[in-house]
Amino acid sequence: MKDSRTEQIVRRPTMSDVAALARVSSKTVSRVINDEPRVSPVVQQRVREAIERLSYRPDPRAGSLRRSGQRSETIGLAINNVDNPFSAAVHRAIEDAAVARGVAVLASSTDDVPVREPRVVEGLLRRRVDGLIAAPVSRDQSYLRTEQKYGTPMVFIDREPVGVDADAVVSDHTGGARMAASHLIEVGHRRIAFLGDLTTLQSTQQRLTGFREALGYAGIPTTAARVVTELHSADVIENAVRALMNGHDRPTALFSAQNSITIGTIRALRALDMHNDVALIGFDDILLADLLVPAITVIAQDSQRIGSLAAERLFARLDGDRSATATHVVPVRLVTRGSGEIPPA
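Criteria and thresholds
Residues numbered from 1 in each chain as written. Predicted model: local features only at pLDDT ≥ 70, side-chain atom pairs only at ≥ 80, totals over all residues. Heavy atoms only, no water. Pairing = 2+ DSSP bridges. Helix = DSSP H or I, 4+ residues; strand = E, 2+ residues; numbered from the N terminus. Axes fitted to C-alpha atoms, helices over the stretch in contact; angles between N-to-C directions. Parallel < 35°, antiparallel > 145°, perpendicular 65-115°, else oblique. Left-handed = near helix turned anticlockwise from the far one by under 90°. Contact = heavy atoms within 4.5 Å. Nonpolar A, V, L, I, M, F, W, Y, C, P; charged D, E, K, R; others polar. 1 Å grid on protein atoms, 1.4 Å probe; cavity = no way out; pocket = protein on both sides within 12 Å on 5 of 7 lines; lining within 4 Å. Points joined across faces, edges and corners; volume = space filled by probe spheres on them. Expected span 1.5 Å × (residues − 1). Polar contact = N/O pair within 3.5 Å; in protein donor to acceptor, adjacent residues only side chain to side chain. Buried < 20%, exposed > 50% of the residue type's maximum accessible area, 1.4 Å probe, protein only. Right-handed = clockwise from strand over helix to strand, strands pointing away.

1. A few points about the sheet that holds strand 4 (residues 154-157)
One open sheet holds the six strands; their spatial order is 2-1-3-4-5-11, and the pairing between them is parallel. Every interior strand has two partners, whereas the edge strands, strand 2 (104-109) and strand 11 (327-330), have only one. Ignoring strand direction, the axes of neighbouring strands in this sheet form an average angle of 15°.

Written out as structure tokens, the structure is:
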């Protein structure tokens, strides 16, 4: 459990505050914001410096917000990719909770690209959402401290935030990966490869840690394990698996640490006609996994619970909950279907 949020909420700066700091009229500030003519470069620079210094964000719906008691009845959701089945399921759970309260969800994808995260988040905050749920991608979320001081509640999902004190709802990434690798070891495998996403992602790091822990507990040298990461596109994934399986001392089992990687791995194994010979466990379930031959063994995340708990915490904060922030770890489970039970040749 983290320290409770004791910082006092401060008033959000207004256009009048910017005008006073820049020593101009509010109309001049408006002209600069809207890129209107008849403002000298010197004055423009002064206004923009005041905007940056105050962290001022124009309010496109100020009038309607005043009439509705300063609530927009919207929340923002910055998620890795709305096309991803896991993200879509989390999104739906959050949306169900929001709709029950008459609140709309504005969602946008970061694509797990660090530089895209603050842009996506800023775009949501500019629309004066009442609260924010985000899956952090960049190494540091301290850029949100000012927004938090203005009273905007935040909850992070899938990964914990860095540089800002807020609630988080995450899966047991380390435990799930340990469970997957341990299962493959119990089946008899010793040459197991780890296939992972970007190593800048906290979830990738934790899953790799769990994988290596399982090998270490079994007395398998972790330095000898094949670890392939930075797998973030279909072509890269399939080419990496092909190279791995065509190489020297190829693994007898694969642990795919992300659902998109699992799909690419299945395609590569089937193209090589190795899908009945190489064991595979994927982290997170995939569509039709139970209908393939062999059916795919997975570490299943509880996306419904993650989304509903994240929404629950956000609305609790909006309703005035000032208790200490905490990270809520949602358990995962091993679903055996066949691919993870293929013995080593």
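2. Looking at the packing of helix 1 (residues 15-22) against helix 3 (residues 41-54)
Taken N-terminus to C-terminus, the directions of helix 1 and helix 3 make an angle of 125°; their axes are 9 Å apart at the nearest point. In terms of orientation, helix 1 and helix 3 fall into the oblique class. Where helix 1 crosses over helix 3, the two elements pack in a sense that is right-handed. Contacts between helix 1 and helix 3 involve Asp17, Val18, Leu21 and Ala22 from the former and Arg46, Val47, Ala50, Ile51, Arg53 and Leu54 from the latter. Looking at the contact of helix 1 with helix 3, its residues break down into seven nonpolar, no polar and three charged.

3. What about the layout of surface pockets?
What the second largest pocket holds in volume is close to 280 Å³. Lining the second largest pocket are 18 residues; nearest its centre among them are Asn81, Asn84, His232, Gln258 and Ser260. Taken together, the elements giving at least two residues each to the lining of the second largest pocket come down to helix 10 (234-246) and helix 11 (259-271). The greatest single-element share of the lining of the second largest pocket, amounting to five residues, is contributed by helix 11. Partitioning the lining of the second largest pocket into residue classes produces five nonpolar, eight polar and five charged.

4. As for empty space enclosed by the protein
Tallied over the full model, the rule gives two cavities of 30 Å³ or more. There is about 210 Å³ of room inside the largest cavity. Residue lining of the largest cavity: 21 residues in total, with Asn80, Asp158, Arg159, Arg207 and Gln258 positioned closest to the centre. Looking at the lining of the largest cavity, the elements that each hand over two or more residues are helix 5 (85-99) and helix 9 (202-217). If one sorts the elements of the lining of the largest cavity by residue count, helix 9 sits on top with three residues. For the lining of the largest cavity, the residue count by class is six nonpolar, nine polar and six charged. Looking at the second largest cavity, the residues that line it are Ile266, Leu269, Arg270, His275, Val278, Leu280, Leu292, Val293, Pro294, Ile296 and Ser339.

5. A short note on helix 5
Note that an α-helix has 3.6 residues per turn; residues three or four places apart therefore point the same way. Given a rise of 1.5 Å per residue, 15 residues ought to cover 21 Å, and the 21 Å separating the end C-alpha atoms of helix 5 matches this to within 8%. Looking at the packing, one finds that the buried side of helix 5 touches strand 1 (74-79), strand 2, strand 3 (131-134), strand 4, helix 11 and helix 12 (303-318). Capping of helix 5 at its N-terminal end is provided by asparagine 84; its side-chain oxygen lies 2.9 Å from the backbone amide nitrogen of phenylalanine 86.

6. Remarks on the sheet that holds strand 9 (residues 279-283)
Read from one edge to the other, the open sheet built from six strands follows the order 7-6-8-9-10-12, with strand pairing classed as mixed. Each of the sheet's edge strands pairs with one partner strand only, and the pair in question is strand 7 (226-228) and strand 12 (333-335). Ignoring which end each strand starts from, the neighbouring axes of this sheet average 15° apart. In the packing of helix 9 onto the sheet, the strands contacted are strand 6 (192-195), strand 7, strand 8 (253-256) and strand 9, and the crossing angle to strand 6 comes to about 170°. On top of the sheet, helix 11 reaches strand 6, strand 8 and strand 9; it is set at about 160° to strand 9, its chief contact.

7. Examining the pairing of strand 8
Alternating positions in strand 8 separate into two faces, Ala253 and Phe255 on one and Leu254 and Ser256 on the other, with burial throughout. Two strands pair when backbone bridges link them, and strand 6 and strand 8 are joined in this way by four bridges, in the parallel orientation. Bridge pairing in strand 8 links alanine 193 to leucine 254. Strand direction decides the pairing type here: strand 8 and strand 9, joined by four bridges, are parallel. Counterpart to alanine 253 in the pairing with strand 9 is alanine 279. In this view, the connection linking strand 8 to its parallel neighbour strand 9 by way of helix 11 has right-handed handedness.

8. Section: the side chain of glutamine 202
Relative to the helices and strands, glutamine 202 is located in helix 9. From its side chain, glutamine 202 meets the backbone nitrogen of glutamate 160 in a polar contact 2.8 Å long.

9. With respect to the packing of helix 10 against helix 11
Each packed pair of helices is defined by two parameters, the angle between the axes and the distance between the axes. Look at helix 10 against helix 11: their axes get within 8 Å of each other, and the N-to-C directions meet at 50°. By the angle between their directions, the pair helix 10 and helix 11 is classed as oblique. Helix-helix and strand crossings are classified by hand; for helix 10 and helix 11 the assignment is right-handed. Where helix 10 abuts helix 11, its residues Ile237, Glu238, Val241, Arg242 and Met245 lie against Ser260, Ile261, Gly264, Thr265, Arg267, Ala268, Leu269 and Ala271. Residues belonging to the contact of helix 10 with helix 11 are distributed by class as follows: seven nonpolar, three polar and three charged.

10. A few points about the environment of leucine 144
Mapped onto the fold, leucine 144 is located in the loop between strand 3 and helix 7 (145-149). Owing to a relative accessible area of 2%, leucine 144 belongs among the buried residues under this scheme. Along the chain, leucine 144 and threonine 28 lie 116 residues apart, while their C-alpha atoms are 28 Å from each other. Once residues lying within four places of it in the same chain are set aside, the contact partners of leucine 144 are Val121, Leu125, Leu132, Met154 and Phe156.

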